[in-house]
Amino acid sequence: MAHVLPDLPYAYDALEPYISKQIMELHHKKHHQTYVNSLNAAEQAYAKASTPKERIALQAALRFNGGGHINHSLFWKNLAPSASEGKGNGGVLRDGPLKEAITKTWGSLDNFKKEFNTTTAAIQGSGWGWLGYNPQTKVLEITTTANQDPLLSHVPIIGVDIWEHAFYLQYLNVKADYLNAIWNVINFDEAEKRFLEAQSGAKL
């Protein structure tokens, strides 16, 4: 069954002023759509491949485009219109299990954001910053992946795209401004849902 581009759960301009309508349209309609198209093409080619060499040759395309589709499908759900703009629940971490876990590990939400932003900004080139649940130690950890690699070592709770296409048209080359702004539209309700599912052992 072919992969399809998921609809956004909000309008393209819903995350303004923190992420512009122009960026959201290009990011979703162009970049994510390209990952979907290329993943479908790679899977079709893999199904037709008749030798191990042909299948091995397709691994890079499957990893890159499959990761791009997985990561972006999570990313859109990780965002919500900002509460500070009176538009939605974005940026609000309510009292509950996720807030308790973040506070236990980092002391405060602000401390967590600072460490997350520092770690993510340090990525060389393109990649993703993650808040992940470690199924071995059962704690939350900040980690990163390169390019479009999906997070496999942890259950992804929050993912932030640090590819230039995610911010350059609005924030130019100033990653720090983008990373500071995006917390205003992070959907912590979705993150907590994923956190609870991870704790219960659900496959994400």
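To be clear, the structure that these remarks concern was listed above.
Residues numbered from 1 in each chain as written. Predicted model: local features only at pLDDT ≥ 70, side-chain atom pairs only at ≥ 80, totals over all residues. Heavy atoms only, no water.

What follows covers the overall build of the protein. Broken down by element type, the protein carries 8 helices and 3 strands. Of the regular secondary structure in the protein, the N- to C-terminal order runs α-α-α-α-α-β-β-β-α-α-α. Radius of gyration (C-alpha) of the protein: 17 Å, near the 17 Å computed for a compact globule of 204 residues. Overall, the C-alpha framework of the protein stretches about 55 × 40 × 30 Å when taken along its three principal axes. Expressed as a percentage of its 204 residues, the buried residues of the protein come to 46%. Taking contacts inside the protein between residues at least 6 apart in sequence as the whole, the part at least 24 apart equals 67%. Carbon and sulfur atoms make up 53% of the accessible area of the protein, which amounts to about 10,400 Å² in all. (Helix = DSSP H or I, 4+ residues; strand = E, 2+ residues; numbered from the N terminus. Rg over C-alpha atoms; globule rule 2.2 N^0.38 Å. Buried < 20%, exposed > 50% of the residue type's maximum accessible area, 1.4 Å probe, protein only. Contact = heavy atoms within 4.5 Å. Areas by Shrake-Rupley, 256 points an atom, 1.4 Å probe, with all protein chains shown as cover.)

Take the packing of aromatic side chains next. The full count for this structure, using the stated rule, is 13 aromatic pairs. Three or more aromatic residues joined by ring pairs make a cluster, and in this case those are W106, F112, F116, W183 and F188. (Phe/Tyr/Trp six-rings, centres within 6.5 Å; stacked < 30°, edge-to-face > 60°.)

To continue, consider the packing of helix 1 (residues 21-48) against helix 3 (residues 59-77). The interhelical angle for the contact between helix 1 and helix 3, taken along N-to-C directions, is 140 degrees, at an axis separation of 8 Å. Here helix 1 is positioned oblique relative to helix 3, judged by the angle of their axes. Note on packing geometry: the crossing formed by helix 1 with helix 3 is left-handed. Each of M24, H27, H28, H32, T34, Y35, V36, S38, L39, A42, E43 and Y46 in helix 1 lies in contact with helix 3, whose residues at this interface are Q59, A61, L62, F64, N65, G66, G68, H69, H72, S73, F75 and W76. Of the residues in the contact of helix 1 with helix 3, the class split is 11 nonpolar, 12 polar and 1 charged. (Axes fitted to C-alpha atoms, helices over the stretch in contact; angles between N-to-C directions. Parallel < 35°, antiparallel > 145°, perpendicular 65-115°, else oblique. Left-handed = near helix turned anticlockwise from the far one by under 90°. Nonpolar A, V, L, I, M, F, W, Y, C, P; charged D, E, K, R; others polar.)

The next thing to look at is the environment of D177. Along the chain, D177 falls in helix 7 (residues 175-182). Judged by its relative accessible area of 41%, D177 falls in the partly exposed class.

By secondary structure assignment, the location of H69 is in helix 3. Classification of H69 by relative accessible area gives buried; the value is 12%. Aside from chain neighbours lying at most four places away, what touches H69 is H3, V4, P6, H32, Y35, V36 and L39.

Nonpolar side chains in soluble globular proteins generally cluster together in the buried interior. Core analysis: the biggest nonpolar cluster contains 48 residues, and L140, I157, Y178 and I182 have the highest contact counts within it. The residues touching I182, leaving out its near neighbours within four places in the chain, are I19, F75, L79 and V160. (Core = buried A, V, L, I, M, F, W, Y, C linked by side-chain atoms within 4.5 Å.)

Throughout the structure, instances matching the rule amount to 4 salt bridges. Between R63 and D149 there is a salt bridge, with the nearest N and O atoms lying 3.0 Å from each other. Here R63, found in helix 3, pairs with D149, found in the loop between strand 2 (139-146) and strand 3 (155-161); they are 86 residues apart in sequence, far enough to count as distant. (Salt bridge = Lys/Arg side-chain N within 4 Å of Asp/Glu carboxyl O.)

With that out of the way, let us pick up the packing of helix 4 (residues 97-106) against helix 8 (residues 188-199). The N-to-C vectors of helix 4 and helix 8 enclose an angle of 85 degrees; their axes lie 9 Å apart at closest approach. It follows from the interaxial angle that helix 4 and helix 8 lie roughly perpendicular. Contacts between helix 4 and helix 8 involve P97, L98, K99 and A101 on the former and, on the latter, F188, A191, E192, F195 and L196. Residues belonging to the contact of helix 4 with helix 8 are distributed by class as follows: 7 nonpolar, no polar and 2 charged.

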